[in-house]
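# A look at the structure
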Amino acid sequence: MTANAQSDIIRFSNVSKRFGTLTVLQDFDFTVAPGEKVSLIGPSGSGKTTVLRILMTLEPFQDGTLELGGIGYHEPGGHGPFKASERHLRQIRTQVGMVFQSFNLFPHMTVLRNVVEAPIAVLGLKREEAECRALDLLGMVGMADKKDHFPSQLSGGQQQRVAIARALAMRPRVLLFDEPTSALDPQLVGEVLGVIRSLASEHDLTMLLVTHEMRFAREVSDRVCFFDKGRIVEQGEPERIFSNPEQARTREFLQSVL
Ligand code: ADP
């Protein structure tokens, strides 16, 4: 369900994003309610990852406003009420965690250090406290017994589970997943989806998931958004989108991937 303006945790209003002459998002409006699990599906190149990267402040945008947890900002060069000052960007960043396709663990650090570094450096936690919480999170993703391993000693699925624990260690209000299983061998996909599934059901996290795993999107999402050419062509409850899409473009896409 899309909530009203006051309670939305994410709100894109009229956002435009261009890479040079390529317009990826045009007048993009999108809201997410706290605790909502939303999957973004659609053809490659339709702008899904760009939405996550803007939320993570990894990409600037040209027009419009983004609000996250009530903090709004507008990129320099735009005409809105907010500027993306460093302070704004930091406030936004502390609310959002991201799990990337390619894990992005620090290769020279053990599993435990990968999880504790940012909470110590950014949140100012004492090492003891950070380690205690990290061990809980590693336990939750089934990786506590590998705390002293280095990333190169782990499978892709194990690395991705550590990456999820690392993102959670920053206590984000919103967790973004960018095709978290697409770099994995097929036999390792299940363990990562299992962790995401349990997060989706047990925690009050807001989750935004870009995925090619249609069955999974159907199972864990409250809402599925079908993207095409930088627009949300159709969105709704997964049952409806997958079994009875209204738009021809959605039907074509689903037929091509299911
Ligand atoms: P999706 O996640 O749906 O596959 P993306 O958001 O990754 O789509 O990409 C949307 C469009 O933006 C694509 O045409 C892609 O080539 C382009 N794009 C993404 N990142 C960049 C970049 N850093 N520079 C130039 N073009 C980019």
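Please refer to the structure higher up on the page.
Residues numbered from 1 in each chain as written. Predicted model: local features only at pLDDT ≥ 70, side-chain atom pairs only at ≥ 80, totals over all residues. Heavy atoms only, no water.

## Structural notes on the overall build of the protein chain
Secondary structure assignment for the protein chain yields 9 helices and 10 strands. A compact globule built from 258 residues would reach a C-alpha radius of gyration of about 18 Å, and the protein chain, at 18 Å, matches this within 12%. Along the three orthogonal principal directions, the C-alpha set of the protein chain runs to about 50 × 45 × 35 Å. When contacts within the protein chain are restricted to residue pairs at least 6 apart in sequence, long-range pairs at least 24 apart make up 63% of them. A total accessible area of about 11,900 Å² is found for the protein chain, and carbon and sulfur atoms account for 49% of it. (Helix = DSSP H or I, 4+ residues; strand = E, 2+ residues; numbered from the N terminus. Rg over C-alpha atoms; globule rule 2.2 N^0.38 Å. Contact = heavy atoms within 4.5 Å. Areas by Shrake-Rupley, 256 points an atom, 1.4 Å probe, with all protein chains shown as cover.)

## Details of the packing of aromatic side chains
The full count for this structure, using the stated rule, is 5 aromatic pairs. Here Phe28 and Phe30 contribute two aromatic rings whose centre-to-centre distance is 5.8 Å and whose plane-to-plane angle is 40°, an arrangement assigned as tilted. The exposure class assigned to Phe30 is buried, which follows from its relative accessible area of 3%. Aromatic pair Phe28 and Phe227: ring centres 5.8 Å apart, planes at 40°, arrangement tilted. In this pair, Phe28 is assigned in strand β2 (residues 22-32) and Phe227 in strand β9 (residues 223-228), connecting sequence segments 199 residues apart. With respect to burial, Phe28 and Phe227 carry one shared label: buried. Taken together through their ring pairs, the aromatic side chains of Phe12, Phe28, Phe30 and Phe227 make up a single cluster. Sitting above the plane of the Phe19 ring, Lys17 keeps its charged end 4.3 Å from the centroid. (Phe/Tyr/Trp six-rings, centres within 6.5 Å; stacked < 30°, edge-to-face > 60°. Buried < 20%, exposed > 50% of the residue type's maximum accessible area, 1.4 Å probe, protein only. Lys NZ or Arg CZ within 6 Å of the ring centre and 35° of its normal.)

## Notes on the site of the ligand
Residues in contact with the ligand, as listed here, are Phe19, Leu22, Val24, Pro43, Ser44, Gly45, Ser46, Gly47, Lys48, Thr49 and Thr50. Gly47 places a main-chain nitrogen or oxygen 3.0 Å from an oxygen atom of the ligand. Contacts to the ligand include Thr49, whose side-chain N or O atom sits 2.8 Å from an oxygen atom. Contact with the protein chains hides 60% of the accessible area of the ligand, taken as 560 Å² for the molecule alone. Only β2 and α1 (48-55) provide two or more residues apiece to the shell around the ligand. (Near = heavy atom within 4 Å. Polar contact = N/O pair within 3.5 Å; in protein donor to acceptor, adjacent residues only side chain to side chain.)

## A word on unusual backbone geometry
Phi is positive for Thr57, close to 60°, though the residue is something other than glycine. Position of Thr57 relative to the elements: it lies in the loop between α1 and β4 (63-68). Here the phi dihedral of Phe103 falls at roughly 65°; this positive angle occurs in a residue that is not glycine. Judged by its relative accessible area of 11%, Phe103 falls in the buried class.

## Some words on helix α9 (residues 248-257)
Of all the positions in α9, only Thr250, Phe253 and Leu254 are classed as buried. Taken around the axis of α9, the buried residues stretch over an arc of 95°, which confines them to a single face. For α9, the exposed residues lying more than 90 degrees away from the buried face are Gln255 and Ser256. Turning to α9, the residues buried within the fold contact β3 (37-41), α7 (214-220), β9, β10 (231-236) and α8 (238-243). (Arc of directions from axis to C-beta.)

## Focus: the environment of Gly47
With respect to the secondary-structure elements, Gly47 resides in the loop between β3 and α1. Sequence separation of Gly47 and Val192 is 145 residues, and the distance between their C-alpha atoms is 24 Å. Setting aside residues up to four positions removed in sequence, Gly47 forms contacts with Val24, Leu25 and Phe227.

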